[in-house]
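Each chain, written out:
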Amino acid sequence: MAGPPNKRQRREEYKKSQAKVQDGRVELPKKKFYRQRAHANPFSDHLLAYPLSPESMDWTGHYPAFTQPKQADEDAPRMTREVEIADIGCGFGGLIVALSTLYPETLMLGMELRTQVLDYVISRIAALRAQNQSAESEYSPYQNISAVRSNTMKFLPNFFRRAQLSKIFLCFPDPHFKQRKHKARIVSAQLNAEYAFVTKPGGMVYTITDVEELHRWMAKHFEGEEAGDSRELWERVPDAELDSDPCVKIMSEETEESKKVTRNGGKKFIAVFRRKPNPEWP
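All values derive from a computational prediction rather than experimental measurement.

### A few points about the UniProt feature "binding site: S-adenosyl-L-methionine" (unreviewed entry) in the protein
Right, so step 1: As recorded in UniProt, the feature "binding site: S-adenosyl-L-methionine" (unreviewed entry) lies at Gly89, Glu112, Leu113, Asn151, Thr152, Cys171, Thr255, Glu256 and Glu257.
Right, so step 2: Checked against the element boundaries, Glu112 lands in strand E4 (residues 107-112).
Right, so step 3: Among the residues examined, Glu112 registers a relative accessible area of 5% and is labelled buried.
Right, so step 4: Non-local contacts of Glu112, meaning those with residues more than four positions away in its chain, are made with Gly89, Cys90, Gly91, Val117, Leu118, Val148, Arg149 and Ser150.
Right, so step 5: In this structure the side chain of Glu112 is engaged in a polar contact, spanning 3.5 Å, whose partner is the backbone nitrogen of Cys90.
Right, so step 6: Tracing the chain through its elements places Thr152 in helix H4 (residues 152-159).

In structure tokens form, the structure reads like this:
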């Protein structure tokens, strides 16, 4: 006699049931069926699909409400807007979901390496869109958010052109506590230069962590103490300005990790950095 279904079987059965609308209602996915390891190795070969360049990336399937119908003289439909906000390591998508209604006409992208977690975010966005599709507004809620599987340490410039983004979020990244693992941290001299490349002058990088040592590491690298030329690219936003920034409040309260830190009574360390204007050539 066959035993009870294992975890994988229960997960697949649940995902099939999610595809069906019951009693005219679309339910949000349950995270317990999408659990995976807390972090993925960014140096592994994950068999990722990525665009050869930002120009070759097709965003129309991600943001259909912001897609202009194909004209007679065009080869493909065109987007009416570009992605402006990226949440790198978006986890279960709490940040972009919360930001979506704050900036309803701004396209946002969650970037996540873990497959099960990404599947949850995609299912969550689809359910939210279905639940709100009858809203009376120019753009129905949650049409401006999407997510892709990507290793941003390798392929960030493949998705975004120079000076495209206005905001980047790095929320509770993997601390990689061991010194030999520091090369895998999401903040470094090399990666900060890539963030500067895809961020427009005046744009922001938001960081938050519950690990004070990692917070100091990120601040030192963005401020240039450990990164040489980073001081030409980034300046730290004074704490006094952060109180009036709604993104800081959302980042501190709406992500799954921030809620867990709050429940456990932990501290949150926040630092925000502004992209400087491009320096003049000598």
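### Structural notes on the nonpolar core
Right, so step 1: Counting residues in hydrophobic clusters, the biggest one holds 39 residues, and the most contacted among them are Phe160 and Tyr195.
Right, so step 2: Of all the secondary structure elements, the ones that give two or more residues to this core are strand E3 (83-88), E4, H4, strand E6 (165-171), helix H5 (189-198), helix H6 (212-223) and strand E9 (269-275).
Right, so step 3: Apart from the residues lying within four places of it in its own chain, the contact partners of Tyr195 are Ile88, Leu156, Ile168, Leu170, Ile186, Phe222 and Trp234.
Right, so step 4: Core analysis: the next-biggest nonpolar cluster, separate from the first, contains 32 residues, Tyr120, Ile145, Val237 and Val248 among them.

### What to know about the environment of Arg274
Right, so step 1: By the element assignment, Arg274 lies in strand E9.
Right, so step 2: Along the chain, Arg274 and Tyr206 lie 68 residues apart, while their C-alpha atoms are 9.0 Å from each other.
Right, so step 3: The residues contacting Arg274, other than those within four sequence positions of it, are Gly202, Gly203, Met204, Leu233, Trp234, Glu235, Val237 and Glu241.
Right, so step 4: A distance of 3.0 Å separates a polar atom in the side chain of Arg274 from a polar atom in the side chain of Glu241.

### Here's the deal with a positive patch on the surface
Right, so step 1: There is a patch of like positive charges on the surface, built from Lys178, Arg180, Lys181 and Lys183.
Right, so step 2: With respect to the helices and strands, the residue Arg180 is situated in the loop between E6 and H5.
Right, so step 3: Overall, Arg180 belongs to the exposed group, its relative accessible area being 58%.

### Focus: the packing of helix H2 (residues 94-102) against helix H8 (residues 246-253)
Right, so step 1: At a closest axis distance of 9 Å, the pairing of H2 and H8 adopts a crossing angle of 150°. Taken together, the axes of H2 and H8 are roughly antiparallel relative to one another. As H2 packs across H8, the resulting crossing turns out to be right-handed. Contacts between H2 and H8 involve Leu95, Ala98, Leu99 and Leu102 from the first element and Pro246, Cys247, Ile250 and Met251 from the second.

### A word on the packing of H2 against helix H3 (residues 115-131)
Right, so step 1: As a packed pair, H2 and H3 sit with axes 11 Å apart at the nearest point and diverge in direction by 25°. In terms of their interaxial angle, H2 and H3 are classed as roughly parallel. In the packing of H2 onto H3, the handedness of the crossing is right-handed. Residues Gly94, Ile96 and Val97 of H2 lie in contact with H3, whose contacting residues are Val121, Arg124, Ile125 and Leu128.
Right, so step 2: In terms of residue class, the contact of H2 with H3 is built from 5 nonpolar, 1 polar and 1 charged.

### Describing the pairing of E9
Right, so step 1: Counting buried residues along E9, 5 of its 7 residues qualify, which places the element largely inside the surrounding structure.
Right, so step 2: Strand direction decides the pairing type here: strand E7 (residues 199-209) and E9, joined by 6 bridges, are antiparallel. Bridge pairing in E9 places Met204 opposite Arg274.

### So, the packing of aromatic side chains
Two descriptors summarise a pair of aromatic rings, namely the distance from one centre to the other and the angle between the planes of the rings.
Right, so step 1: One pass over the full model with this rule turns up 8 aromatic pairs.
Right, so step 2: Centre to centre, the rings of Phe222 and Trp234 are 5.4 Å apart; their planes meet at 90°, and the pair counts as edge-to-face. Highlighted residues: Phe222 in helix H6 and Trp234 in strand E8 (residues 234-236), separated in sequence by 12 residues.
Right, so step 3: Taking the relative accessible area as the measure of exposure, Phe222 reaches 0% and is therefore buried.
Right, so step 4: Three or more aromatic residues joined by ring pairs form one cluster here, namely Trp59, Tyr63, Phe159 and Phe160.
Right, so step 5: Of note, Arg185 hangs over the ring of Trp217, and the distance from its end group to the ring centre comes to 4.7 Å.

Procedures and definitions
- Residues numbered from 1 in each chain as written.
- Predicted model: local features only at pLDDT ≥ 70, side-chain atom pairs only at ≥ 80, totals over all residues.
- Heavy atoms only, no water.
- UniProt positions renumbered as here; feature names shortened; annotations may be inferred.
- Helix = DSSP H or I, 4+ residues; strand = E, 2+ residues; numbered from the N terminus.
- Buried < 20%, exposed > 50% of the residue type's maximum accessible area, 1.4 Å probe, protein only.
- Contact = heavy atoms within 4.5 Å.
- Polar contact = N/O pair within 3.5 Å; in protein donor to acceptor, adjacent residues only side chain to side chain.
- Core = buried A, V, L, I, M, F, W, Y, C linked by side-chain atoms within 4.5 Å.
- Patch = residues over 30% accessible without salt bridge, like charges linked within 9 Å, V, L, I, M, F, W, Y side chains within 5 Å.
- Areas by Shrake-Rupley, 256 points an atom, 1.4 Å probe, with all protein chains shown as cover.
- Salt bridge = Lys/Arg side-chain N within 4 Å of Asp/Glu carboxyl O.
- Lys, Arg positive; Asp, Glu negative; His and termini not counted.
- Charge placed at Lys NZ, Arg CZ, Asp CG, Glu CD.
- Axes fitted to C-alpha atoms, helices over the stretch in contact; angles between N-to-C directions.
- Parallel < 35°, antiparallel > 145°, perpendicular 65-115°, else oblique.
- Left-handed = near helix turned anticlockwise from the far one by under 90°.
- Nonpolar A, V, L, I, M, F, W, Y, C, P; charged D, E, K, R; others polar.
- Pairing = 2+ DSSP bridges.
- Phe/Tyr/Trp six-rings, centres within 6.5 Å; stacked < 30°, edge-to-face > 60°.
- Lys NZ or Arg CZ within 6 Å of the ring centre and 35° of its normal.

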